[in-house]
Each structure stands twice: as structure tokens, then as C-alpha cells.
Amino acid sequence: MNVEASAIKAAQDNLDAHTREIVQWHFSPETGSPFWLDWAKKASWDPAKEVNTFNDILRFPHFQDEWLRDLPNEIWAPKAFKGRPFNIFETGGTTGMPKQRIGWDDYKVDYSEFSDKLKDEEFPRNSYWLMMGPTGPRRLRLAIEHLANVRGCSCYFIDLDPRWVKKLISGKQFEQAKAYMDHVVDQSVTILKNRKVSALFTTPKLLEALGEKINLWDAGIRGVFCGGTTMLPQYVRFLIEEVLENRIGFQPTYGNTLMGLAASVPLTPEDKFSISYYPPQPRAVLRVVDPNNTSVLKNYDEWGRVELTTLTREFFMPRFLERDEAIRKAPRNQYAWDGVAEVRPFGAMEKNIVEGVY
Amino acid sequence: MTLPHIPALRRGRAYESLDKAQLLDHKTGKVLTEISQVNAGIIRKDLARVSESRAALKKFTTEQLIEIAAKAGEFFLNGSLPLGDKGHMQSAQEYVETLSSTSGLPHIMVRRNMSKIHHALTNMRTVLNGLTRGLDLEILDKGFGKQFGTPISYYPTTQALGLVMPSNSPAVNSLWLAAIVLKTPVIIKPGKEEPWTPYRLIQAFIAAGCPAEAFGFYPTDHEGAGEILKSCGRALIFGDKATTDRYANNPAIQVHGPGYSKVLIGDDQIDRWPEYIDMIAGSIADNGGRSCINASAVVVPKFGREIAEALGKKLGPVAPLAATDENARLSGFANVKMAEYIDNAIEQDLKTSGATDVTAAHRGGSRKVEYEGGVYLRPTVIHCDTFAHPLANREFLCPYASVVEVPQNQMLDKIGPSLVVTAITKDPKFTDALLDSPLIERLNIGPISTMKISWDQPHEGNMFEFLYKRRSIERSDF
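Residues numbered from 1 in each chain as written. Chains lettered and ligands numbered in written order. Predicted model: local features only at pLDDT ≥ 70, side-chain atom pairs only at ≥ 80, totals over all residues. Heavy atoms only, no water.

Peer 1: Explanation requested: the overall build of chain A in the structure shown.
Peer 2: On a plain count of helices and strands, chain A comes out with 10 helices and 14 strands. A globule of 358 residues ought to have a C-alpha radius of gyration of about 21 Å, and chain A, at 20 Å, matches this closely. Over its C-alpha atoms, taken along the principal directions, chain A stretches across nearly 60 × 45 × 45 Å. In chain A, the share of contacts with a sequence separation of at least 24, taken over all contacts with a separation of at least 6, comes to 66%. (Helix = DSSP H or I, 4+ residues; strand = E, 2+ residues; numbered from the N terminus. Rg over C-alpha atoms; globule rule 2.2 N^0.38 Å. Contact = heavy atoms within 4.5 Å.)

Given below as C-alpha cells:
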């Protein structure tokens, strides 16, 4: 469904206003974070005054993810949150220190909004959820629990440690990786056999493995919320037709600790199972840029590297280059802004990248 | 005209994937077809219902399936058969041309391979007789019976035969044909560059009346191939030494790796060596030197240098010809990197002293050549001083052989596992030793090409013994 030009203009105006507000928030001594206030002191310009539209964000250099690894967490806390303990969420960390993002309520905002996009017949209200995937220090664990709570019920958890899986695969210990995956899936089967669960969050590979051990429909599953790794069109088709048997709802998402989550638009036959994801703008903006000149946007339906800007009162992260590439998609349905499709690890065509089961 | 599309076949049903590979003309790069690729999950899902495929075949008697195979042979050799799911048909001549243009095999070699497959299909009774040692085939239909005065019962070891096929030579498909007649569905992963032959064979079987459910055809990746090997119960894989070693101790997987086939001449016949040069040259170079039954070493007690020189003189001048030329003897390389790898490997090992490329002088140029846009490797005969030389017991996907002098009484200690050995000797003691050797899978005694296939004897493993096991049975009338 094409989006009216007026809606696109309104969304852009909204984004510009939101950008101004968030930049002023992070760069004002009354509300801002030590990191950005210190950054502004060293810069030759004043973001609080000079950022008027989202395009002005391009004046920032790319956000360096090492800052999240090397600097203390407190440095990111906006003054306005002083006195409120924060959550610490991690990403990466297969080797060495993981990157950490602090937060308070952002995940709740993201997942409450996401809940409104779910169909009740696929994700029935007041029904139990099961999360089979990376819990531990990840934002996702609290986010899924919040989603279950918002929809009136609770969630069971089966943990999968993706750092261990990546180590096993990198070390070519495929048998061990398989055994670990079986261990995770078997625990989920036990839950599904003994508890009434209607909604499932998991990763594509784990979903496939679970579907081979138990008939998901007969086990009571009516909707699957899936994310975490590459889902190319044929694999999406396989999951929908073969694993979910065209009768269980499928809600693929793209997201991470730094962004939140980008929901997908419902597939139409014309999509040929190519999923388009739209970020929760204005809180996060995804741009598909030329990897060799990242100030240049790619044209619609062209491949490029994904660049993320996060704009919330809790966290400001301009122009972070994701380790992903994707196709730039035009505004669609209720999303009057750019989306991304067929997300895969950056450079996937050139080299083999370990994604494991996560 | 749209491009043909070769689908996966899931219990015989066409499945068009969103993920497709293209197959190109090895000379022009023109796209000739698209092939649907499927993931391992689809194979796992289908294998869960493979008993339905077997049930479809069990409705036929072995006799009926022998007749179907014979009809399929005629369709395969001469018929026009469906090519993919977009309404294309493929005549026998089109099959020859297309396979030639993607594999590099000249037409004449494709036709020879077709004839071998046709012969296997139309002589299935003879083939089964050889495999079962004359078993009354009704016993297979009933599961039990009486023969030679003894109760006999056989049971299937598997519900399906998995096949991870190579791309090098179409005739390798003759290995699985008997499985269909033995009521065993096939789950085929075609070679990346050679989907044509198994697809055409499947269509020929279906046209002849075989149930489509008996066929799984899954162009897939490494994980998918692994799934076929792991889950089929019985499977065949074709591969290099690393592959062979990986599955060597798995009785459910029959491995077809390098053959290391050889020609041996005994002390009693060595003085007559000039009479055997044509036979030896054919063993080395027929079918473009691409088969595991091509000789890759000639082991002689003396006259090594002279024999090498004679072979070099005969094979060295062989050069690429047009694919349509009836005299073409070399096959082009669809995978140019493979040709480069082979050429480099030979050159590298020639740096180890004790080996001479005797074909070089007769070639008048490099081993790797380009001809009409294709890449070819010209025949290579290496004289090695000892069997320990790295080039003495090697096999490459081209006409290649070493010639090595080894005293007759040491030959069987040196040669190692050999798929085919042609031993030219009348010496009873040497013959006895050859017959006793567990290293030789197929033995030709006398000047018989290593390339000769006897359909009335098991070759490259006994498919019947692989797919069926005998059990003891007692029945009482009550």
C-alpha cells in the first residue's frame, strides 16, 4: 500500500521536531548526559542550537560502538534520570568486553507500541508466551516479558547463550553446537507439553528445530514472533509454509539492543516473501547508505549498509553503522518513512559469516 | 522463449524455490537454465514421509519394474522428455548439446555415457542377476521364498537411497538405477554442474510408468547434502579423499572417491609391452580421463621409461577439438579453477626430483590450454623413479597416469587400494596373489581396459547387498 505524500511530509516534520527535542535534551546541561556534554565542548559547533532537522544529524560522525564497551555506563545517563537506577543491556561479547547500553523505559515503550501491531487471533490476549532465545543480559528478555505482561499474561523462558554457540561454530565444534541446540529445544518441548502456551518468541533456526520435534499448532502455538538473524525470502517461505503450515501467525522483526525493534509489514503475494521492516520512527531511524560514502543514501530497492540513529531521551546514538546490509524500501502501509528488507550480515556475499542459531 | 527452470522434486512433485542457481555455458557464459535450491529443512520434512514413496514402489513387482526400467532406457536414449516445470521438452540431441555445453564433455562422450546408462536400464535383469547371484526375484516381492532348497528371506535396510552426486561424468548415474527396481526410492542431490542426467532419468522413469513419488531431487547446499547422507539410512557419496576418509567407517554410506585404478604387467608378459600400449592409453584417456575407473598408474617390472615414452608419444599430441567433433577426446572444464588447481599441483610435484613429464615433449605447449573459449587439460604421463614419488599414485580429473617400475613381488605391497586393476599376466602364482588381494575391488586378468564394465557383475559396491539384508526365516503351516 502506497503512502500519501502528505503522510510522508507529516512524518518527516515529526521526525525533525523530535530530533530537535532529543538533541537539545542530550546537549543541555540541565538534562543531558556527561558523554554528549563533554563531546559538545570539544566540537566546533553546538548541536543544541544547530540541529534543526534530521538532516543535521549528518553533521555528527559515525557513532563508535567501542564507546559503549570502553567507557563507564554512568557517562551515558542523562542528568534528568539522576537517582533512577538503570538497566544494563549487552550486545556482542563473543570475545572480550561486550557493548553495553543503559536504559530505563525505552524497551517498554517499544514493545507496548509493538503489541498494538499484533493480531489478537495470532497472539491471544491473556495467554502465555514462551521465549526460546538469548535471555541473560539482553534487553530482549525484559522486552518479551513486558510484551507478555502488556497482553495480559506471563512468559516462560528458555535461555540460549549465543556467545557460546558462536564460539562452538568458529571452533568447528559442530556436534557440540548441535547438541546445545537440541538441549535448548528439548527444554522448550517440555514446557509446551506441560503448559498451555499460545505465543512464541524465538530465532529462525530454533523455530525450525522446534518444529521438527513438535507440531506447533497441536501444541497450542498460534503466533510466532521471530527475529535475530538473516531471513532471506526462501527461508521465510519455508518457515511460513512448512514449519508454521500456513496456519500459525508469523511476525518477523529486525532489531537489536541499540535500536529496539523494527516491525515488518504483512506480506503480500507481490513481496515474494521478502520482508520489509520499518523502524519505530521517530525514536529510531534506519538509513541504507552507500558503504563507500556513507553520507549518500542508496536509491529505493538498492542494497546498501544499514545506518542506525537512535533518538530517545534515554539514549542518543547518531549514525551508527550496523554490521548489516539491506535493501532500502519505500514508505508503506502505516509507515510513512523508509524501511529495510532482506537484512543480512554486511559483506555476506563476499565472506562466510558466523551467525549460529542466534 | 522462457528460460527452462529445473525445480526440486519433492516425492515427485515440482517445487519452485525463490532461491535459484544458474547454470552457464562453460564457454560463452550464457545462462542455460535456473535450478531451484532448497534448504536442509525441506529435505528433513520430506524424509519424514519417505515411507509413502516406498509404498508407491512396492505396489509393483520386480518384474514390472524391470520392464519399466527398460522402457525408461529407451526414453532416456531417444525420447523427448519434460525439462523442468515451464513446459519445456528436451530431445535426446538437446540433452547431448546442453550437457556438453555446461560440463565441457564433447558430444561423443556424452553419447557414450548415454549408451552405458541405456545399457544398464535395458539389461536390468542381467544387472540384478549379478547383484543377487541369481536370486528368484519373486522372493523380493514376497519378502520370503525358497531357493536352492533353502528358505530365503530378505528385508530392506532402508526406506530410501540417498545420493550426493558428482558433476564429472553422467554415467555414474547408472549406479543408482537398480535401486528403483529394488523398490527403493532415491533422494538425489545432483552435482552442481550436472542436474541434467538425473533429472532426465527421473523423467524417463516417470514416462515409463514409475510412480513419481519414488523420486526426490534436491539441489541443495552442504547442509542439505549432509542431511541426505545422515537421514536416508543408506547413501552414496562421490568425493575426494577427504570425503572418502570422513565416511570410511560408516557402513550406511558407500563412498565413491578416487579409484586409483591401475594397469600392472607381470614379469612373464613385460617383453610384449608394445602390444598393450593402445589398451593402456585407452584405460588412461577414454571418457576424457574423468572416471574413477580410468587408469592413473601403470606399474611394471621393467621398461618403465620406454613404456612411459610410448604412452607420451601416443597421448601427448591429443589436443582439444570442437565439442561436436566425433574425434574429440578431451573434456573442457566447467570449473576453470579446478583445471588451474590440477595443472599447478602437477607442476608443483614435478619439482620433487625423480619424475619426468614425458608428454611435455609431444605436446608442443602447455598442459592447460584454451580452445574456442573453453579450458582444457591435455594428457599427462609422468615417469616416476619410485612409487614413493608424490605423483606416482595420484588421480586427477583429466587423462593422467604415472608409469613406475616396481618388482613384481613388491607390486601388491605398493599399489594400495585400487578400484580396478588390469593385470597382464599368465603367471599362476602372481594371479593367485592378485585374487587374494583385498586391495583390488575389480580385477581384470589379461589385456582388458580398466574402463570395461561388466553389467552381470557387481561393480563399485553391490547395490543389492547395500539395500537388502538376508534374515533367517522359518514358517509353519498351522
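Peer 1: Please clarify how the interface of chain B and chain A should be interpreted in this entry.
Peer 2: You'll often see interface size given as the accessible area lost when the parts meet. The interface of chain B with chain A comprises 13 residues on the first partner and 13 residues on the second. Three residues stand out in chain B for area buried against chain A, namely Tyr15, Leu18 and Lys45 of chain B, and they jointly supply 48% of the buried area on that side. Linking chain B with chain A are 4 salt bridges. Among the salt bridges present, the one from Glu208 of chain A reaches Arg44 of chain B, with a minimum N-O distance of 2.6 Å. (Buried area = accessible area lost by both parts, 1.4 Å probe. Salt bridge = Lys/Arg side-chain N within 4 Å of Asp/Glu carboxyl O.)

Peer 1: Looking at this structure, I do not really get the sheet that holds strand β9 (residues 150–156) of chain B. What am I missing?
Peer 2: Pairing between the strands of a sheet comes from backbone hydrogen bonds, and it takes one of two forms, parallel or antiparallel. All names here are of chain B. Read across the open sheet, the 3 strands follow the order β8-β9-β24; overall the sheet is antiparallel. Of all strands in the sheet, those bounded by a partner on one side alone are β8 (144–147) and β24 (468–471). Mean inter-strand twist for the sheet, computed between neighbouring axes without regard to direction, equals 40°. Of the strand pairs in this sheet, β9 and β24 are connected by 4 bridges, and their pairing is antiparallel. The residue bridging Tyr155 from the neighbouring strand is Lys469, located in β24. (Pairing = 2+ DSSP bridges. Axes fitted to C-alpha atoms, helices over the stretch in contact; angles between N-to-C directions.)

Peer 1: Just to check I follow, could you spell out the side chain of Lys99 of chain A for this structure?
Peer 2: Residues and elements named next belong to chain A. With respect to the helices, strands and loops of the structure, Lys99 is situated in strand β2 (residues 99–103). Judged by relative accessible area, which is 10%, Lys99 ranks as buried. Sequence-distant contacts of Lys99, defined by excluding residues within four places in its chain, comprise Asp65, Leu68, Arg69, Phe89, Glu90, Thr91 and Arg323. (Buried < 20%, exposed > 50% of the residue type's maximum accessible area, 1.4 Å probe, protein only.)

Peer 1: Explain the packing of helix α4 (residues 92–103) of chain B against helix α5 (residues 107–122) of chain B to me, please; I cannot follow it from the model alone.
Peer 2: For any two helices packed against each other, one specifies the inter-axial angle together with the distance between the axes. Residue and element names in this part refer to chain B. It is the contact of α4 with α5, at a shortest axis distance of 9 Å, that shows an interaxial angle of 120°. Comparing the axis directions of α4 and α5 gives the class oblique. Regarding α4 and α5, the two cross each other, and that crossing is right-handed. For the pair α4 and α5, contact is made by Ala92, Gln93, Tyr95, Val96, Glu97, Leu99 and Ser100 and by His107, Val110, Arg111 and Met114, respectively. Class assignment for the residues of the contact of α4 with α5 results in 6 nonpolar, 3 polar and 2 charged. (Parallel < 35°, antiparallel > 145°, perpendicular 65-115°, else oblique. Left-handed = near helix turned anticlockwise from the far one by under 90°. Nonpolar A, V, L, I, M, F, W, Y, C, P; charged D, E, K, R; others polar.)

Peer 1: Any chance you could explain helix α8 (residues 174–194) of chain A here in plain terms?
Peer 2: Working note: α-helix, 3.6 residues per turn, so residues spaced by three or four point in the same direction. Residue and element names in this part refer to chain A. When the terminal C-alpha atoms of α8 are compared, their 30 Å separation across 21 residues agrees well with the 30 Å that a helix rising 1.5 Å per residue should span. Within α8, the full set of buried residues consists of Ala177, Tyr180, Met181, Val184, Val185, Ser188, Val189 and Leu192. Residues of α8 that are buried in the fold lie against β3 (128–133), β4 (155–159), α7 (162–170), β5 (197–202) and α9 (204–213). (Expected span 1.5 Å × (residues − 1).)

Peer 1: When you look at the sheet that holds β5 of chain A in this model, what are you seeing that I'm missing?
Peer 2: Residues and elements named next belong to chain A. Spatial ordering of the open sheet is given by β4-β3-β5-β6-β7-β8-β9-β14-β13-β12-β10-β11, a layout of 12 strands whose pairing is mixed. Whereas interior strands pair on both sides, the edge strands pair on one side only; in this sheet they are β4 and β11 (293–297). Adjacent strand axes in the sheet meet at a mean angle of 40° when their direction is disregarded. Taken together, the 4 bridges between strand β6 (residues 223–226) and strand β7 (residues 249–256) define a ladder with parallel strand orientation. Looking across to β7, one finds that Phe225 is bridged to Gln251. The sheet contacts of helix α5 (residues 106–115) involve β6, β7 and β8 (260–264), and relative to β8 the element is tilted by about 15°. Lying over the sheet, helix α6 (residues 139–150) contacts β3, β4, β5, β6 and β8, oriented at roughly 165° with respect to β3.

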